[in-house]
Amino acid sequence: MAGSLDLYAEEKLAALEAQALRRRLRDTAREGVWIVRGGRRLLSFSCNDYLGLSAHPQLKAAAKAAIDRYGVGAGASRLVTGNHPLYGELEQRLAQLKKTDDACVFGSGYLANTGIVPSLVGTGDVIFADALCHSCLWAGAQLSQAQLHVFRHNDVTHLEELLACHRASHARALILTDGVFSMDGDLAPLPALVRLAARFDAWLMSDDAHGLGVLGAGAGSAAAMGVIPDLQMGTLSKALGSYGGYLCANRPVIELMRTRARTLIYSTGLPPAQIAAAIAALDIIRKEPERVAAPLAKARLFTGALGLAEAQSPIVPLVLGEETAALRASSILEEMGFAVVAIRPPTVPAGTARLRIAFSALHADTDVVRLAEIIRTRILNGAAPMTTADAARLSA
Ligand SMILES: *Cc1c(COP(=O)(O)O)cnc(C)c1O
């Protein structure tokens, strides 16, 4: 007999299934931009390995050398005995790239955000967050217990109204945004946000998980826009092909993280191999500007071929509306040999289920054009393609 816990889980899953919101893990072997699933080889447009570095020989060699020298695990939190020597080198390299005094590496991007935000603000303070911020920024905001105000996506005027209304009655204020929005591929208006933050004595934190390595000659979205937000967070797990998260900021802020961020203090340090691989990735990013420029160029080839607004990042959303429409489109593409995952609520707002197409330096231009053509004929069937901005206009 199933107990109440099992029954609860079964009922919850059945309800999600009925709404086409059940999620399933599928075994997937990856070789570059190709994946093998259920015995079939598919060309993937759903990886965040934008530069094809996750299986690059130089990263593999660096990781193997680190394993031989330091072993496979860190053994403890960085504050205990887990701070092996490669950390310092990586942090220095990240700080250089982001033009800050210092940097701090965390176990993952998720752990970075849930550690950074509560170390800076708490009860009596206030957070202003873009409506489309990544899930782990919301998690960090909730953990902090600061008052939370949400501004409409990329709406600087709305943020200004909220700051004018709520900033003065709180001790400290933090503005949260993605640099490149993970499900929409558009960029935050960072220069305007930097100005607003200065005017209202608020701190600006930008999550550049999808900007590092692909925008601003590899330095990310803020560098592409010529500004330096107070707090530049990101991940080693996407364009860098490795694993881990980081924060770049001025030295006192970084020292505060090392002393106060709970996800750094109470979680084991990264395995040495991941740090070594991230350092090797930064070398490649510095030495191969063509690789760095390729993902955005491929995204623009795609948006050009479909007559969509020009891509601002390697991520292009194709909004289809209902969950079932996105799932159907994904399975049509799978039949045609492409892996393009359907993204559904709660990852994106209700009614904006979509295909999220991510471009990599490893994609052949001919495959990019072929994907656009198949989407035009088999999925849109003559309908005009819709980006997130178009969908927002229609639902407003
Ligand atoms: C992927 C992602 C993260 C989380 O990074 P991980 O290193 O995968 O934990 C954080 N923010 C954004 C915007 C992301 O896309």
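The text that follows walks through the structure, step by step, so that each part is easy to find. (Residues numbered from 1 in each chain as written. Predicted model: local features only at pLDDT ≥ 70, side-chain atom pairs only at ≥ 80, totals over all residues. Heavy atoms only, no water.)

Time to look at the overall build of the protein. Of the regular secondary structure elements, the protein holds 16 helices and 14 strands. For the protein, whose C-alpha radius of gyration is 21 Å, the value lies close to the compact-globule estimate of 21 Å for 396 residues. Projected onto its principal axes, the C-alpha coordinates of the protein cover approximately 60 × 55 × 55 Å. Expressed as a percentage of the 396 residues in the protein, the buried residues total 54%. At a minimum sequence separation of 6, the contacts of the protein that also span at least 24 residues come to 71%. Here the protein contributes 39 positive and 37 negative side-chain charges, whose respective centroids are spaced 3 Å apart. (Helix = DSSP H or I, 4+ residues; strand = E, 2+ residues; numbered from the N terminus. Rg over C-alpha atoms; globule rule 2.2 N^0.38 Å. Buried < 20%, exposed > 50% of the residue type's maximum accessible area, 1.4 Å probe, protein only. Contact = heavy atoms within 4.5 Å. Lys, Arg positive; Asp, Glu negative; His and termini not counted. Charge placed at Lys NZ, Arg CZ, Asp CG, Glu CD.)

Next up on the list: the site of the ligand. Taken together, 14 residues lie around the ligand, and Gly109, Asp207, His210, Thr235 and Lys238 are the ones closest in. Gly109 is positioned such that a nitrogen or oxygen atom in its backbone is 2.8 Å from an oxygen atom of the ligand. Here a nitrogen atom of the ligand and a side-chain polar atom of His134 are 3.5 Å apart. For the ligand, whose free accessible area comes to 380 Å², the fraction covered by protein is 87%. Tallied by class, residues from the shell around the ligand come to 3 nonpolar, 8 polar and 3 charged. (Near = heavy atom within 4 Å. Polar contact = N/O pair within 3.5 Å; in protein donor to acceptor, adjacent residues only side chain to side chain. Areas by Shrake-Rupley, 256 points an atom, 1.4 Å probe, with all protein chains shown as cover. Nonpolar A, V, L, I, M, F, W, Y, C, P; charged D, E, K, R; others polar.)

Moving on: the pairing of strand 2 (residues 34-37). Side chains Ile35 and Arg37 of strand 2 all project onto a buried face; the interleaved residues Trp34 and Val36 project onto a face where none is buried. Two strands pair when backbone bridges link them, and strand 1 (residues 29-31) and strand 2 are joined in this way by 3 bridges, in the antiparallel orientation. Paired with Ala29 across the two strands is Val36, which belongs to strand 2. Counting the residues that bridge the hairpin from strand 1 to strand 2 gives 2 residues, and of these Gly32 lies at a positive phi of roughly 60°. Bridging between strand 2 and strand 3 (residues 40-44) involves 4 bridges; their strand directions are antiparallel. Bridging from a neighbouring strand, Trp34 pairs with Leu43 of strand 3. (Pairing = 2+ DSSP bridges.)

Read across the sheet, 7 strands follow the order 4-10-9-8-7-5-6 without closing on themselves; strand pairing throughout is mixed. The open sheet has two edge strands, strand 4 (102-106) and strand 6 (147-151), and neither has a second partner. For this sheet, the mean inter-axis angle between neighbouring strands, taken without regard to orientation, is 20°. Packed on one face of the sheet, helix 5 (residues 109-120) meets strand 4, strand 5 (126-130), strand 7 (173-178), strand 8 (203-207), strand 9 (231-235) and strand 10 (245-249) and runs near 160° to strand 9. (Axes fitted to C-alpha atoms, helices over the stretch in contact; angles between N-to-C directions.)

Right, let's talk about the pattern of salt bridges for a bit. A complete count under the given rule lists 22 salt bridges for this structure. Note that Glu17 is salt-bridged to Arg24, the shortest N-O span being 3.0 Å. Relative accessible area serves as the criterion here: at 39%, Glu17 is assigned to the partly exposed category. In this structure, the salt-bridge partner of Arg172 is Asp125, at a minimum N-O distance of 2.9 Å. Of this pair, Arg172 sits in the loop between helix 7 (156-166) and strand 7 while Asp125 is found in the loop between helix 5 and strand 5, placing the two residues 47 residues apart along the sequence. (Salt bridge = Lys/Arg side-chain N within 4 Å of Asp/Glu carboxyl O.)

Another point: the packing of helix 4 (residues 86-98) against helix 12 (residues 272-287). One way to put it is that helix 4 packs onto helix 12 with a least axis distance of 9 Å and a crossing angle of 30°. Handedness of the helix 4/helix 12 crossing: left-handed. Residues Leu86, Tyr87, Glu89, Leu90, Arg93, Leu94 and Leu97 of helix 4 touch helix 12, and the partners they reach there are Pro272, Ile275, Ala276, Ala278, Ile279, Leu282, Asp283 and Arg286. For the contact of helix 4 with helix 12, the residue count by class is 11 nonpolar, no polar and 4 charged. (Left-handed = near helix turned anticlockwise from the far one by under 90°.)

On to the sheet that holds strand 12 (residues 338-339), then. The pairing of strands in a sheet happens through backbone hydrogen bonds and is either parallel or antiparallel. The strand order across the open sheet built from 4 strands is 1-2-3-12, with neighbouring strands paired in mixed fashion. Either end of the sheet is taken by a strand with one partner, and the two such strands are strand 1 and strand 12.

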